[in-house]
Every structure is written in structure tokens, then in C-alpha cells.
Amino acid sequence: MSQSNKMWGGRFAAGPSEIMQTINASLPVDRRMWREDLAGSRAHAAMLLDQGIVGAEDAAAILAGLDTIEEEFERDGPPSDLALEDIHMAVESRLAELIGPAAGRLHTARSRNDQVATDFRLWVRGACREAAEAIVRLQSVLVARAEEHAETIMPGFTHLQVAQPVTLGHHLLAYVEMLQRDVSRFFAADERAGECPLGAAALAGTGFPIDREATAAALGFERPTGNSLDSVSDRDFALDYLAAAAQCSLHLSRLAEELINWASPPFGFVQLSDQWSTGSSIMPQKRNPDAAELVRGHSGRIVGLFTGLMITMKGLPLAYSKDMQDDKAPTFEAHDLLALSLAALAGSVESAAFKPARMREVAAQGFATATDLADWLVREAGVPFREAHHITGRAVKAAEDAGCDLADLPLETLQAIDARLDSNVYDVLSVEASVNSRTSHGGTAPVRVREQVARWKALLDL
Ligand code: ARG
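Residues numbered from 1 in each chain as written. Predicted model: local features only at pLDDT ≥ 70, side-chain atom pairs only at ≥ 80, totals over all residues. Heavy atoms only, no water.

## What about the UniProt feature "domain: Argininosuccinate lyase C-terminal" (unreviewed entry) in the protein chain?
For step 1, the next point in the chain: Per the UniProt record, the feature "domain: Argininosuccinate lyase C-terminal" (unreviewed entry) sits at residues 367–436.
For step 2, the next point in the chain: In residues 367–436, helix accounts for 61% and strand for 0%; the two terminal C-alpha atoms are 17 Å from one another. (UniProt positions renumbered as here; feature names shortened; annotations may be inferred. Helix = DSSP H or I, 4+ residues; strand = E, 2+ residues; numbered from the N terminus.)

Quick look at the structure:
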């Protein structure tokens, strides 16, 4: 048995068993929030001074002590001694070593319950902004590559079958759109976390004349939270972050999957650079898209971390329960995985060598301009679309039987299928004509892609 805890051990004769200490301590995880803990303590101490709850001399000693701790942690890192239990107590016990009994006044009108809720909210809000910035970096790379490939033709797929030709620029910009919605989810999570729980104390508020508006403002929150029980009970702000991270990681995993497919030799649409691929230890010809595969894999982990915290929170009674200490590890891990994924994809896309000739070749196979033939019948011969679809199906069959592309069918063959087809139809059967014609708002035509590139460059300040 070790000594009883210095902070809360008054009624305990003996200290915790070693295993109890290990299961109880969160310092190895929450030491990462030391900056947020110091910020919260500074705001609280300054408020206690302003409200006359702590005297000027003690408050000055506390604030100076916190400055010293900041220097120490900055230099040596925060401690990880399990006996200190968590980052809140690690700071407070160091403060006591530095300034003596005055340190004990810092915890007036405060509990670790509102303290941890505040620290973690601050951390999550910062993480939302970091994630948004990392997303914008990936978007910037995608926009640059889209501009370069505004006219590059590739096959567009549905059901992974060649469907209609599209431009590579258009395809890449699709991800820029998805990522923008991810940015807005992180911004919304940040905004929703904008109420400060500090001052809720253990669960019921406090009888001390604290100024919660002041601490909220000092910590960059919009306002204090309105209900002390809610303040210390909920972790929905972390779940909001994780939901946004999970959704973003799903988008990343789809882009990763496409890079993996495209880099596979039967596709041959892209060669990933040496920096973002690995070789095989046995098969010298291999060039494996490991970074993209890990991004695809990490999304599974991030979704799992989100699910895990939801299940931790499910069914907990108000207010604080120690289960909630398990909120940080999944959130931190998801944040690190997402940051890595975003950076790895930005690097992979930036350095990828796309293969326009191969993409065009595949786009021209598989009768990708069949829809253009049907549209021509509707437009030029007034044929109802359903009938045009049928006629086109017969043309596709004829091309298939002849082993050629639609554009290579002789006019007689086309006219035998339907007399309304004339030589002008060949104008729409090339993949270039097909993409150039798709000028509807949001369409794949190079002119539209260039407009969208310009819009994104302005929006992202590129
Ligand atoms: N380490 C704890 C956590 O992360 C801090 C709050 C502890 N509060 C308590 N009453 N034990 O959740």
C-alpha cells in the first residue's frame, strides 16, 4: 500500500493498490491537454482574484507558478508519473511544490469535473480548427491537379462499369466538394462547443460569487453553459468532433480506394510516386500503394473510435462518472489518424503521375458515348428518349458483334438499325465531343471544370 492521495486522501488511511493506480490514472493520456489545463487555471485564478475570492498576493503567486509550470512543461514535457493521477492534479501538485499552501486556493469554486470538461472542450475546439486546416491543404492539392487536368478525359464509372467519359479535373473536384462539407462539419462542431463549462463545479454550481462570463470570455468561449449538470455530464462535443472525423475519413477512404484501383496495372491510370509507395520484399516488379491503403484502413479505425465513445456514453446517469475518463484516448487517436491520412493523401495526389493516354483509351472503350448517341436521336430526330435508348442498344450490340467502337460502325449499319441516323451522328460519338457537350451547371465539360477551379481558388485563397 502506498501513501494516501495528497489531493483527496483526507479520509483514506491507505493509498490505492498498484493496479487501482494504473486503472485510475489518466495522466499518460491527458497530459496531452496540459496547455488547455494551464489556460483554464489561469482564467479561473484571474477571476477568483477579480471577484475577491482569493487575495492579491496568493493570486499573484498562483499565476507566477503557472507561468513557471508552463516553462517547465514546454522544456521537459509534462510528467507521466501515475501517482499524479491526471493532468489536473499534476499541475496542482507541481504548483504546491513551487508556491506552497497558496496553491490550494486555486481549486476554490472549481472541481476536476468542470475542469476536465473545460480542458477537453478547449482541446477539441483546437482539433476542429487543425482538422479544417489540414483538409484545406488537401483541397488545395486537388484543385491544382484538377486545373492541370481540366481537359484530361477518363472513363466515368457507375457500378465500376464504364459509363460516360468525364474529365479527370471534374473527378478530382468531386472530392473537393465532399471535403468542403467536412470542413463545415468541423466548424459546426467547434461552434457548438462554444459554451464554457468552467464554474459548474462538481455538478451543482457553487456558492462562491464567481463570474462565469469572465472565464468563458478569457478562454475564447461565446458564453458560459446554462446548466451545471449538463456541463459536467456530456461529451457530445467530442462525439461531434469524432462524427466529423469519421465522415471525413470515409471520404478519404474512397479517394484512397480510387488511387489504389487506378494505380493497379490493369487500370494504369496513375503511377504513385516513389515517396508514397513501397516495394515488395519478394516480387521486384511490385509498387504497392501502401499509403493509400493505410488511409483506407485508418477510416475503419476512426469510425470504430467514434462508435466506441458513443457506447461509453450510452446510458450513463448524470452527472460525472469515471467511465467518461475514457473519452480522450479515442478522440486523440482519431485526430492523429485523420491528420496522418490527410497529409498522406495530399502528398500522394500532389506527386502522382496521371496517365492521360491510358485513361482516354479506356474511356473510348466500353461504348461510353452510347448516351450521346441516344441524346442525338432525341435532339436531332425528335425520338422519345426511351425509344432512342432502345435504338442505341442495338447499335451497341452491332459494335460489340463487329468488335469495334460505336464511332467505327459504318453508316449503312447505323441506318439499317434506324433510318433517322445520319452521318452527323459521328460528331457526338467521340469522347471529346461527349465531355465537351456536358456543359450543364456542375457538368464535366472542361469549360465548367475551369469555372469550378476558379471558384475554388477564390474560396480557398489559392
Ligand atoms: N481524470 C478525470 C477525467 O479525465 C478528471 C475528472 C475526475 N473527476 C473525479 N471526480 N474523479 O475524466
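## Considerations on the packing of aromatic side chains
For step 1, the next point in the chain: Going through the model one piece at a time under the given rule, you end up with eight aromatic pairs.
For step 2, the next point in the chain: Ring geometry for Trp-34 versus Phe-73: centroids 5.6 Å apart, planes at 80°, classification edge-to-face. Taken together, the residues Trp-34 in helix α3 (residues 34–50) and Phe-73 in helix α4 (residues 56–76) connect sequence positions 39 residues apart.
For step 3, the next point in the chain: We classify Trp-34 as buried; its relative accessible area is 6%.
For step 4, the next point in the chain: When the ring of Trp-262 is compared with that of Phe-269, the centres are 6.4 Å apart and the planes differ by 50°; the resulting orientation is tilted. The residues Trp-262 and Phe-269 share a single accessibility class, namely buried.
For step 5, the next point in the chain: Put simply, the rings of Phe-120, Trp-123, Phe-237 and Phe-332 pair up and form one aromatic cluster.
For step 6, the next point in the chain: It is Arg-11 that lies over the ring of Phe-12; its NZ or CZ is 5.8 Å from the centre. (Phe/Tyr/Trp six-rings, centres within 6.5 Å; stacked < 30°, edge-to-face > 60°. Buried < 20%, exposed > 50% of the residue type's maximum accessible area, 1.4 Å probe, protein only. Lys NZ or Arg CZ within 6 Å of the ring centre and 35° of its normal.)

## Examining the nonpolar core
For step 1, the next point in the chain: The biggest cluster of nonpolar side chains holds 88 residues, and the ones touching the most others in it are Leu-142, Phe-186, Tyr-241, Leu-252, Trp-262 and Leu-338.
For step 2, the next point in the chain: Other than its neighbours up to four places away in sequence, Tyr-241 contacts Val-124, Ala-127, Cys-128, Ala-131, Phe-186, Ala-189, Thr-331, His-335 and Leu-338. (Core = buried A, V, L, I, M, F, W, Y, C linked by side-chain atoms within 4.5 Å. Contact = heavy atoms within 4.5 Å.)

## Things to note about the UniProt feature "domain: Fumarate lyase N-terminal" (unreviewed entry) in the protein chain
For step 1, the next point in the chain: Under the local residue numbering, the UniProt record ascribes the feature "domain: Fumarate lyase N-terminal" (unreviewed entry) to residues 10–304.
For step 2, the next point in the chain: End C-alpha atoms of residues 10–304 are separated by 40 Å, and the span's content is 61% helix alongside 6% strand.

## Overview of unusual backbone geometry
For step 1, the next point in the chain: Cis geometry marks the peptide bond from Leu-318 to Ala-319, where omega comes out at 0°.
For step 2, the next point in the chain: With a phi angle near 70°, Glu-85 is a residue other than glycine that sits in the positive phi range.
For step 3, the next point in the chain: By relative accessible area, which is 6% here, Glu-85 ends up buried.
For step 4, the next point in the chain: Located in the positive-phi region is Leu-160, a residue other than glycine, with phi close to 60°.
For step 5, the next point in the chain: With respect to the secondary-structure elements, Leu-160 resides in the loop between β1 (153–158) and β2 (161–167).
For step 6, the next point in the chain: Among the residues examined, Leu-160 registers a relative accessible area of 55% and is labelled exposed.

## Some details on the site of the ligand
For step 1, the next point in the chain: Lining the immediate environment of the ligand, one finds Ser-26, Asp-30, Asp-86, His-88, Arg-112, Asn-113, Val-116, Tyr-320, Lys-322, Gln-325 and Lys-328.
For step 2, the next point in the chain: Asn-113 is positioned such that a nitrogen or oxygen atom in its side chain is 2.9 Å from a nitrogen atom of the ligand.
For step 3, the next point in the chain: Protein coverage of the free-state accessible area of the ligand, which is 340 Å², stands at 87%.
For step 4, the next point in the chain: Looking at which element gives the most residues to the shell around the ligand, the answer is helix α6 (residues 112–148), with three residues. (Near = heavy atom within 4 Å. Polar contact = N/O pair within 3.5 Å; in protein donor to acceptor, adjacent residues only side chain to side chain. Areas by Shrake-Rupley, 256 points an atom, 1.4 Å probe, with all protein chains shown as cover.)

## Looking at the environment of Met-33
For step 1, the next point in the chain: Within the element layout of this structure, Met-33 appears in the loop between α2 (27–30) and α3.
For step 2, the next point in the chain: Met-33 sits in the buried class, given a relative accessible area of 0%.
For step 3, the next point in the chain: Residues Met-33 and His-88, 55 residues apart in the sequence, show an inter-C-alpha distance of 9.4 Å.
For step 4, the next point in the chain: Ignoring anything within four residues of it in the chain, the contact list for Met-33 reads Ile-87, His-88, Val-116, Asp-119, Phe-120, Trp-123, Lys-328 and Phe-332.

## Focus: the pattern of salt bridges
For step 1, the next point in the chain: Applying the stated criterion to the full structure yields 33 salt bridges.
For step 2, the next point in the chain: Across the pair Arg-42 and Glu-70 runs a salt bridge whose closest N-O atoms are separated by 2.7 Å. Remark: Glu-70 occurs in helix α4 and Arg-42 occurs in helix α3; sequence separation between them is 28 residues.
For step 3, the next point in the chain: Residue class for Arg-42 comes out partly exposed when judged on its relative accessible area of 23%. (Salt bridge = Lys/Arg side-chain N within 4 Å of Asp/Glu carboxyl O.)

## Observations concerning the packing of α3 against α6
For step 1, the next point in the chain: Two elements in contact, α3 and α6, have axes whose closest approach is 9 Å; the angle formed by their N-to-C orientations is 125°. The angle between α3 and α6 places the two elements in the oblique class. Here α3 and α6 pass one another in a crossing that is right-handed. Where α3 abuts α6, its residues Glu-36, Asp-37 and Ser-41 lie against Gln-115, Asp-119, Leu-122 and Trp-123.
For step 2, the next point in the chain: Residues that form the contact of α3 with α6 fall into these classes: two nonpolar, two polar and three charged. (Axes fitted to C-alpha atoms, helices over the stretch in contact; angles between N-to-C directions. Parallel < 35°, antiparallel > 145°, perpendicular 65-115°, else oblique. Left-handed = near helix turned anticlockwise from the far one by under 90°. Nonpolar A, V, L, I, M, F, W, Y, C, P; charged D, E, K, R; others polar.)

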